[in-house]
Structure formats: C-alpha cells, structure tokens
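Overview (structure and organization)
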There are 2 protein chains.
Amino acid sequence: MKSLTPSYQELIQKDIARVEDLMRAQADGLTDDLKAATRVMIAAGGKRIRPALALLIGNLLGGDIQRLITLSAAIELLHTATLVHDDLIDGALLRRGIPTLSSKWSPGATVLTGDFMFARAARLSAETGSLEVMKIFAQTLSMIVNGEIEQLFMTQCMADRKSYLQRIYLKTASLFETTAISAALISSENPEIHQQFAKYGYSIGMAFQIIDDIMDFTADAIKVGKPVGNDLRQGIVTLPVIIYTENHPDDEEISSLVNGKCLEEDNIKRIVDKVKNSDAISLARNEADQYVQQAITNLNDIEPSVYKTALLELSSFITQRDS
Amino acid sequence: MKSLTPSYQELIQKDIARVEDLMRAQADGLTDDLKAATRVMIAAGGKRIRPALALLIGNLLGGDIQRLITLSAAIELLHTATLVHDDLIDGALLRRGIPTLSSKWSPGATVLTGDFMFARAARLSAETGSLEVMKIFAQTLSMIVNGEIEQLFMTQCMADRKSYLQRIYLKTASLFETTAISAALISSENPEIHQQFAKYGYSIGMAFQIIDDIMDFTADAIKVGKPVGNDLRQGIVTLPVIIYTENHPDDEEISSLVNGKCLEEDNIKRIVDKVKNSDAISLARNEADQYVQQAITNLNDIEPSVYKTALLELSSFITQRDS
C-alpha cells in the first residue's frame, strides 16, 4: 500500500467500508471456525481495487449506491473465493503475508470455505436485480476457472506471448472487465457507455496482472507476502521471462521454456536474477503502461468530474503500486 | 437401477440424451485430462432423477423444451460439481462403484474440476433467460454448501431429528425443490402452480435423501458403489439411527450420540448391525413414504396426462429404488 493515500480512496472510503460490512455479513450464521476463517480472508483483503473500480464508475454514471455496493461485494467475494481455491491449487503457504487457509486447514474445509464464498457471491450478484449482470458474472467465473486450468495444465513452462496474454485475460482482466461493465450496466442505459467501460476495465486488468507478474521478480518478499520467483518455480512463465527469451534467443539455459520444458530447480534462482537484472523488467513495465494509456482513452469523452479524476488516479495507481 | 425400465424414463429418454449431450459439450476446449475427468463424472451420472423431474414438470406445463433441457443440464451439472467437491471433503475413494476424482488426482486438480462444473452450471442457468431461475440457483448453491458445512462441522455425531431434517433439506431437498420450481417458472406464469411444484419437489427430495440414508445401512455395497455404514463412520447421524435412539433411550452404547460424542471405530460395525436389524429401518422407510404421499397431494388438481402419470411413477420410484 502506498504511504500517501490517493484521493480516489478517500472519495469512496465510506462506501468501501459498507462493501466490507456486506462481505462480512455473509458469514453470519456459520460456525465460529468458518466465520473466523471467512473473516480472516476478507480482512486480509488487500487494496480493494475491484470495488473501487465499480464504485467510481457507478458513481460517475449516477448509479444507485445500494446496488453498486451489492455489486462490489459480489465481485470482491468472488475474487476472494478464487484466492482460497488458488492457494489450495498452488499449495501456497502464505498470501499477503499471512498463512493461507489451505496451509492450516484440510483440503476439504478449504474447498468448502471457497465454495461458500462463491455461493454467496452468486447470491449477491442476483441481488443486483440485473439478469445481464448475473449472466456476465457466471461467464466470468467460467473464464477465471479456465484461466486457472490453462495455468495449471496447458501453458506450463511455455514462454509464449499469445498464450500468456490469453491466460492473464481469463485469470485477471476478465474480472476487471466484468466489474467495469457491470457497474456501467446498472448505472446507465447507453450500450456505448457499457462497451467503453468494458474496454477500460479490460485494459486496466491486463496492466494490473502484468505489474503483479513483474513484482514476482522485483518485489520485497515481505511486502508482497509471498516468496519471490514463485511463478517460475511453479512453471508459470510471465511477461518478463517472455521478453527476456524474445530478446535473448541464444540463451540456451532459458530457451528450453519455449518448448514447454520446465527449468530445473537449481537453475531457477540464477534465471530469476538474470531476468531481474535485464531490461526485460522495464520493457514489461512499458507494456503495462501502454495498457493503462489505452484504458484511459476510453474516458476521453467523459465530462470532467471528481469521479473521472479519481478514475484517472486509480488508473495510474495500477502501475505505480509496489505491493 | 431397477431391471424393468419405468415408463417415465421411456417418455423422456430422448430429452435426457440431449441433456447429457449438453453437459458433455461443456467440457469442449478443455485439456484432454480435464475433458476425460469431466466426462467420466458425467458418464457415471446415476439415475438423472433431477433432469427427469424438470423435464416431466416442464412438459406437463407445456414449457419450451430447449429451455427445459438447458435448465436440466444446469441442475445436473451443479449436482455433479457438488459430488466432485464432496468426495474431496469426505475423502471418499469410490462413488457409484468407480474411483472418485479425488482418489486419483491432487486436491488442486479436483477442486478446479468441480469449480469448472459450478461455473458452467451457473452459465447454463443464465441461458434459461430467467432472472428468477438464476436467483433461485444462486440461493440453492448457498444452501447446499451450508448443508455440507452443517454436516462437516455442526451436527457431527448428534442424533437430533430437527437438525437432521434441516440438514437433508439444505443438502438434498433444496435442489429438488429448485428443480421443480424452476421448471414450473419457465413453463407457467401462475404463481400458485410454482408454489405447488416447489412443495412437490421439496417432499420428493426429503424422501430421496431418507432412502439414501437407509441404503447406507441396508444396501448391497457393490450395487451402491460405496461401503455400508459409511455415514456413521464419518460422524453423520441419519434417520435410522435417530429413530433407533428415540425408541431405545436406554441403550448406553448409542445414547452418547445425542450429546455429539462420536462413536469409537470398534463399536460402529456392531451399531450398524443393531440398527439394521431393528424396526428403525422400516420406520424410516415409512417416513420417506409419507413424504412421497405428501408430495403427490400437490398434483391432485392437475389434469390427467401422460406426464402426470409419469410424475406419479417417478414419485413412487423414489422410495422403491434399491440403488
């Protein structure tokens, strides 16, 4: 988290608190164990970028605040549910610096907690009262799972730009796109506006994931709350490595990745350092910046307002964050 | 499966085949492994009671067959997804006589396959085009997960009739209720009809689960495809045991269950035999029959038709099946 709170956060601070209340309320009536687990996952919640996106877009378009809060809680709960299952899938022990549920609980209890959050997310999305939003929501859940499947089974140890972009779209940008278009759908009847914000959300999401992937090389392990070089260790090849292989076609140590052959554990640390100390990091950062630039072109014909300014701020925060 | 095919099955045989095609089509585009796993789960599919229920009710009310097939596939896929996660949660090695996914795969791959099916089920439910159906669908997912949670955490080793009935409603009857009301919703505009079929589905579902629980004591392990006495071994106390404790308040060996104290492994086989050889089994069967009788009172004022006859047949099949 940046030490200086950006003003987009101040603008929606109270609404974000209401989103978090609504998320927490979903655990009411559960056993103490499950309630605690659900609340820990919710409290660990990070930057709330997705609710911020929904609230700013919805407010900008004059949407009903209660429906926007419901939508935001649905989206953030869906996101949190995918994290619970992801940690089980990855076997991760830490997430955002705290132990994952799956490191402390049985797979059964973990999967159930995730399922519970999915179910509640779906219920909240129904409470927005928009069939369109529910349809998109179901579609997105399917896309996120497909992204996970590609990551786990289909693109392991492959340095392929096209499949990387496809995968980060499915796994991350699809939910940003859904967040943006859903907020627009419940706040405006203009289909052009819906499409404009869908594109905005898509590009912001792509930038967000590229920065995440860069941080797996550059970040302070303690700040990010997970070990550095984690992706490559799991056979997940991200943009910095792809750029490095594109620019160093003769580096034999790393070229095997092109053929889906995984690196040996002994080599990973050296390769992480190689990539980290090359220009691949700044080139990857440039690509993220381009996505952000592309995103904000979709705001060009929106009239100036405090919410537009905040959205522009949020857009640049995406690439400037360091955790 | 009964050796003599009941005619309700003949009546909808072709539609059931279309439902199965649509379910299988959901796995298109997956990796070979996941496609195979998904298809094995779908092929193992059992009796297709839920699609049969949706198709018969929908046809009886003159609903659109394409929407009914989509709804049926959504419901059966949701059911199949819960089985995939259940097996992981229970640590079950066999389901319907074949090895479970979770016995052969990592928890991660299993959870992902289940998530994929949930996602596709939600997508199919959206394709029915009914906001009401989608809302009920999301609600039901939440109820099923809550039922699992109660089973795993809250009602372990407790012989309590009220919490048993609540649990089997959440875990099983809720989806039967949803199946019936959803089929009615997309086939009729009469709210009384919707409620009538909701009640019908509820009662059929309660009977279905009671029979399942009885079979855990009485069934041929090979036919059912899982070991007998499984529930009690997992601390799940079902109606036959509850009736036995009600009728034998002085049986010290079993009375500890009332207080949520689990039985020791050494005692379980003896207690299973005790319950099995008492009148608790036939008394439990009577209760299931009463639910079926209650169910069909909701069909009283429906005009005679081939579909009404088939629904009555399906109703009695619920308690007559032996697997």
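Residues numbered from 1 in each chain as written. Chains lettered and ligands numbered in written order. Predicted model: local features only at pLDDT ≥ 70, side-chain atom pairs only at ≥ 80, totals over all residues.

Attention shifts here to the overall build of chain A. Across its full length, chain A holds 16 helices and two strands. Scaling as 2.2 N^0.38, a compact globule of 323 residues should have a C-alpha radius of gyration of about 20 Å, and chain A matches this with 19 Å. In terms of its C-alpha atoms, chain A occupies a principal-axis envelope of roughly 55 × 50 × 35 Å. Burial status across chain A gives 51% buried among its 323 residues. Across chain A, every contact between residues at least 6 apart in sequence was considered, and the portion connecting residues at least 24 apart equals 74%. (Helix = DSSP H or I, 4+ residues; strand = E, 2+ residues; numbered from the N terminus. Rg over C-alpha atoms; globule rule 2.2 N^0.38 Å. Buried ≥ 20, exposed ≤ 12 C-beta atoms within 10 Å, placed from the backbone. Contact = placed C-beta atoms within 7 Å.)

Residue and element names in this part refer to chain A. The pLDDT averaged across chain A works out to 88; a share of 91% of its residues lies at or above 70. Note on residues 1–5: pLDDT is under 50 here. Beyond four places in sequence and across chains, it has four contacts. As a predicted assembly, this complex carries a pTM of 0.87 together with an ipTM value of 0.80. (pLDDT = per-residue confidence, 0-100.)

Superposition record for chain B on chain A: RMSD 0.0 Å, screw rotation 180 degrees, translation along axis 0.0 Å. This pairing of chains is accounted for by a two-fold axis. Closest approach to the rotation axis among the C-alpha atoms of chain B is made by L131 of chain B, whose C-alpha sits 2.6 Å away. A share of 100% of the interface residues of chain B reappears at the interface of chain A, consistent with the copies meeting face to face through the same patch. (Least-squares fit on C-alpha atoms with pLDDT ≥ 70 in both.)

With their axes 7 Å apart at the nearest point, helix α4 (residues 65–90) of chain A and helix α6 (residues 107–127) of chain B run at an angle of 145 degrees to one another. Helix-helix and strand crossings are classified by hand; for α4 of chain A and α6 of chain B the assignment is left-handed. Taken together, the residues of α6 of chain B that come into contact with α4 of chain A (itself represented by H85, L88 and I89 of chain A) are P107, G108, V111, L112 and D115 of chain B. Tallied by class, the residues present in the contact of α4 of chain A with α6 of chain B amount to five nonpolar, two polar and one charged. (Axes fitted to C-alpha atoms, helices over the stretch in contact; angles between N-to-C directions. Left-handed = near helix turned anticlockwise from the far one by under 90°. Nonpolar A, V, L, I, M, F, W, Y, C, P; charged D, E, K, R; others polar.)

What follows deals with the interface of chain B and chain A. At the interface, 32 residues of chain B touch 32 residues of chain A. Those elements that place two or more of their residues in the side of chain B that touches chain A are α2 (32–43), α4 (65–90), α6 and α7 (131–154) of chain B. No other element matches α7 of chain B, which puts 13 residues into the side of chain B that touches chain A. Split by residue class, the side of chain B that touches chain A holds 21 nonpolar, five polar and six charged.

All names here are of chain A. Within the secondary structure, T245 sits in helix α12 (residues 239–247). A residue is classified by how many C-beta atoms lie within 10 Å of it, and T245, with 21 of them, is buried. Residues T245 and C262, 17 residues apart in the sequence, show an inter-C-alpha distance of 14 Å.

Here R48 of chain A, not a glycine, exhibits a phi torsion of approximately 55 degrees, which is positive. One can find R48 of chain A in the loop between α2 (32–43) and α3 (49–60).

Looking at the element boundaries, N300 of chain A is found in the loop between α15 (280–297) and α16 (306–320). Here the alpha-carbon distance between N300 of chain A and S130 of chain A, two residues 170 residues apart in the chain, equals 28 Å.

Bringing α7 of chain B into the picture now. Over its 24 residues, α7 of chain B extends 33 Å from the first C-alpha to the last, a length consistent with the 34 Å expected when each residue adds 1.5 Å. Where burial is concerned, most of α7 of chain B is hidden: 18 out of the 24 residues are buried. (Expected span 1.5 Å × (residues − 1).)

Residues and elements named next belong to chain B. Running from N to C, α4 and α7 cross one another at 20 degrees; their axes reach a closest spacing of 12 Å. Between α4 and α7, the crossing angle belongs to the class labelled roughly parallel. Crossing handedness for the pair α4 and α7: right-handed. Mapping the contact onto sequence places L71, L78, T82, D86 and I89 in α4 and V133, L141, I144, E148 and L152 in α7. Per-class residue counts for the contact of α4 with α7 are seven nonpolar, one polar and two charged. (Parallel < 35°, antiparallel > 145°, perpendicular 65-115°, else oblique.)

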